Structures are given as structure tokens and as C-alpha cells.
Amino acid sequence: AMDFSGQNSNPVVFEATVSRRTEVALDKQNEDDVDPVDEMEIFDLIRDIKDPEHEDLSLEALNVLALKNVTIDGSVPRVHVFFTPTVPHCSASTLIGLCIRVKLLRSLPSDWKIDVQITPGAHLQEHAVNKQLNDKERVAAALENSSLTEVVHKCLGGLGPNQHAG
């Protein structure tokens with residue numbers, strides 16, 4: 001397992017800023033009533049992802065994700081998410097971005113273009129991390145790494161493939 005200890009041992013925890021939508025499962029929605037996906041819906045999908053360093057805290061609680069940093073262009077369709085690492089040298093940044101991307105890939109129709117980037121100025125290796133996160137081949141390669149996918153699973157609130165509940 002990856003060790004992020006000591007990087008940001010006392011993170012500032014923020015109150016949830018916006019209330020949640022009531023959920024209608026995507027397959028239960030009426031086909032005719034095509035409700036355009038909006039920023040709130042995207043934010044609801046990703047706000048509960050756990051921070052790899054603080055498994056009991058969500059990205060929203062750490063202010064890594066905020067509704068104002070989610071934008072959608074429905075004509076493409078494309079979603080763009082900026083995330084703000086808790087510290088500028090955060091080694092978990094690529095992993096956090098990967099979790100956000102994986103969650104959106106699993107949740108959105110396949111024709112959506114997904115851009116996940118570090119909020120400008122929030123990280124020392126901003127450009128390198130952004131490049132990795134938006135390179136399909138590198139993302140695919142990362143997701144073939146079992147120890148990495150285990151961490152991603154955990155952050156997304158599921159059990160890793162080798163863990164069993166109970």
C-alpha cells in the first residue's frame with residue numbers, strides 16, 4: 001500500500017457547502033425526459049470520493065473539490081473538473097485526479113469527454129500531473145496496476161478486488 005503519512009496530518013476540514021440532490025438511478029429515469037446533466041449532478045458523483053491520505057474524509061470535506069470548479073459543456077458533451085490538492089507538494093495528487101476521472105468514466109455515458117485538472121497554481125508539478133491525468137493511455141496503464149486500482153477502489157468507497165466485507 002502507498003504511504004502518504006506525514007504529508008498533511010492535520011488537514012482543515014470544511015463543512016459541506018451545498019445540499020445534495022435526491023438521487024434517481026440513471027436507469028430508472030424516463031427516456032423521453034432527457035434531463036441535461038448539470039454541474040450539481042457531476043459534483044454529487046464526485047464529492048464523496050475519499051482522500052487517499054485521509055480515508056475517513058471526502059474530497060469535498062477537504063475542499064479539494066468544490067461545485068464552482070465543475071463546468072459542463074453539454075453541446076460537446078464535456079465535463080471539466082478542477083481539483084485543489086491540500087498541499088502544493090501533495091504526492092497523492094495524481095491519484096486523487098485518477099479517482100475523479102474513474103468515477104466520472106463509470107458514471108457518464110461513453111461519449112462524454114472528461115477533463116480533470118489541478119486548479120492552476122495549486123501544485124508544484126501541476127503541468128506534469130495534468131498531462132498524466134488527461135492522457136488516455138497513461139490512465140489505462142495506471143488502472144492496470146493492481147495496487148493502484150486497490151487504492152482507487154477504496155477512495156471510491158468500494159472494496160478493492162481482494163478485500164471482502166465482513
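Throughout this description, residue numbers start from 1 for each chain and increase along the sequence as written. Thresholds applied to this predicted model are a pLDDT of at least 70 for local features of residues and 80 or more for the giving and counting of side-chain atom pairs; totals over whole chains, interfaces and linings are not thresholded and use all residues. Where side-chain values are given, they derive from all heavy atoms of the structure, hydrogens and water being excluded.

1. Here's the deal with the sheet that holds strand β2 (residues 78-83)
Here is step 1: One open sheet holds the three strands; their spatial order is β1-β2-β3, and the pairing between them is mixed. For this open sheet the edge positions go to β1 (70-73) and β3 (113-118), each flanked by a neighbour on one side alone. Strand-to-strand twist across the sheet, computed as the mean angle between neighbouring axes with direction ignored, equals 15 degrees.
Here is step 2: In the sheet, β2 pairs with β3 via six bridges, with the strands oriented parallel. Residue pairing in the sheet places Val79 in a bridge with Ile114 of β3.
Here is step 3: Between two residues, a contact is recorded if the distance between any of their heavy atoms is within 4.5 Å. Note on geometry: axes are lines fitted to C-alpha atoms, helical ones only across the stretch in contact, with angles between N-to-C directions running from 0 to 180 degrees. Think of it this way: any DSSP run of H or I at least four residues long counts as a helix, any run of E at least two long counts as a strand, and we number them from the N terminus. Here helix α2 (residues 93-107) sits on the sheet and contacts β2 and β3; the angle it forms with β3, its principal contact strand, is near 160 degrees.
Here is step 4: Across the sheet, helix α3 (residues 126-133) touches β2 and β3, and the angle it forms with β3 is around 160 degrees. Pairing between strands requires that DSSP locate at least two bridges from one strand to the other.

2. A closer look at the side chain of Asp44
Here is step 1: Along the chain, Asp44 turns up in helix α1 (residues 39-46).
Here is step 2: For the exposure calls, accessible area comes from a 1.4 Å probe over protein chains only, and a residue counts as buried if that area is under 20% of its type's maximum, exposed if over 50%, partly exposed in between. A relative accessible area of 15% places Asp44 in the buried class.
Here is step 3: A polar atom in the side chain of Asp44 sits 2.6 Å from the side chain of Arg47. Two N or O atoms count as a polar contact when they lie within 3.5 Å, although within protein this holds only if one can serve as hydrogen donor and the other as acceptor, and sequence-adjacent residues are included solely when both atoms are side-chain atoms.

3. Things to note about the side chain of His80
Here is step 1: Within the secondary structure, His80 sits in strand β2.
Here is step 2: On the basis of relative accessibility, which here comes to 14%, the residue His80 falls in the buried class.

4. Some details on the pattern of salt bridges
Here is step 1: The working definition used for a salt bridge is a side-chain nitrogen of Lys or Arg within 4 Å of a carboxyl oxygen of Asp or Glu. According to the stated counting rule, one finds five salt bridges in the structure shown.
Here is step 2: Residues Asp115 and Lys113 are paired through a salt bridge, measuring 3.4 Å at the closest nitrogen-oxygen approach.
Here is step 3: Relative accessible area serves as the criterion here: at 12%, Asp115 is assigned to the buried category.
Here is step 4: Three or more residues joined by partner-sharing salt bridges are found here, namely Asp44, Arg47 and Glu60.

5. Quick notes on the nonpolar core
Here is step 1: By nonpolar core we mean a set of buried residues, namely Ala, Val, Leu, Ile, Met, Phe, Trp, Tyr and Cys, connected to one another through side-chain atoms within 4.5 Å. Grouped together as the largest cluster of nonpolar side chains are 40 residues, with contacts concentrated most on Ile42, Ile46, Val79, Val81, Phe83, Ile100 and Leu104.
Here is step 2: If you list the elements that add at least two residues to this core, you get α1, β1, β2, α2, β3, α3, α4 (136-142) and α5 (146-155).
Here is step 3: Per-element accounting of this core gives the leading share, seven residues, to α2.

6. Comments concerning the packing of α2 against α5
Here is step 1: At a minimum axis distance of 10 Å, the contact between α2 and α5 shows a crossing angle of 70 degrees. Classified by the angle their axes make, α2 and α5 are roughly perpendicular. The chirality of how α2 crosses α5 is right-handed. Of α5, the residues touching α2 (which contributes Leu95, Leu98, Cys99, Val102 and Arg106) are Leu148, Val151, Val152, His153 and Cys155. Oblique is the label for any angle not under 35 degrees, not over 145, and not in the 65 to 115 range, which are roughly parallel, roughly antiparallel and roughly perpendicular in turn. For a crossing to be left-handed, the near helix must be turned anticlockwise from the far one by less than a right angle; the clockwise case is right-handed.

7. Some details on the confidence of the model for the protein chain
Detailed reading of the predicted coordinates is not advisable wherever pLDDT falls low.
Here is step 1: Summary statistics for the protein chain give a mean pLDDT of 85 and a share of 78% for residues scoring 70 or more.
Here is step 2: Counted against residues more than four places away or in other chains, residues 159-166, with its pLDDT under 50, gives 10 contacts. pLDDT is a residue-level measure of predictor confidence that goes from 0 to 100.

8. Digging into the state of the cysteines
Here is step 1: Cysteine sulfurs are considered disulfide-paired once they come within 2.5 Å of each other. Summed over all chains, the structure comprises zero disulfides.
Here is step 2: Among the cysteines around Cys99, which has no disulfide bond, Cys155 carries the closest sulfur, lying 4.0 Å off.
Here is step 3: The exposure class of Cys155 is buried, given its relative accessible area of 2%.

9. Concerning the pairing of β2
Here is step 1: With four bridges connecting them, β1 and β2 associate as antiparallel partners. From the neighbouring strand, Thr71 faces β2, where its bridge partner is His80.
Here is step 2: Hairpin connection of β1 to β2: four residues between the antiparallel strands.
Here is step 3: Orient the strands so they point away from the viewer; a crossover is then right-handed if the path from the first strand over the helix to the second runs clockwise. Viewed along the sheet, the connection from β2 through α2 into β3 turns out right-handed.

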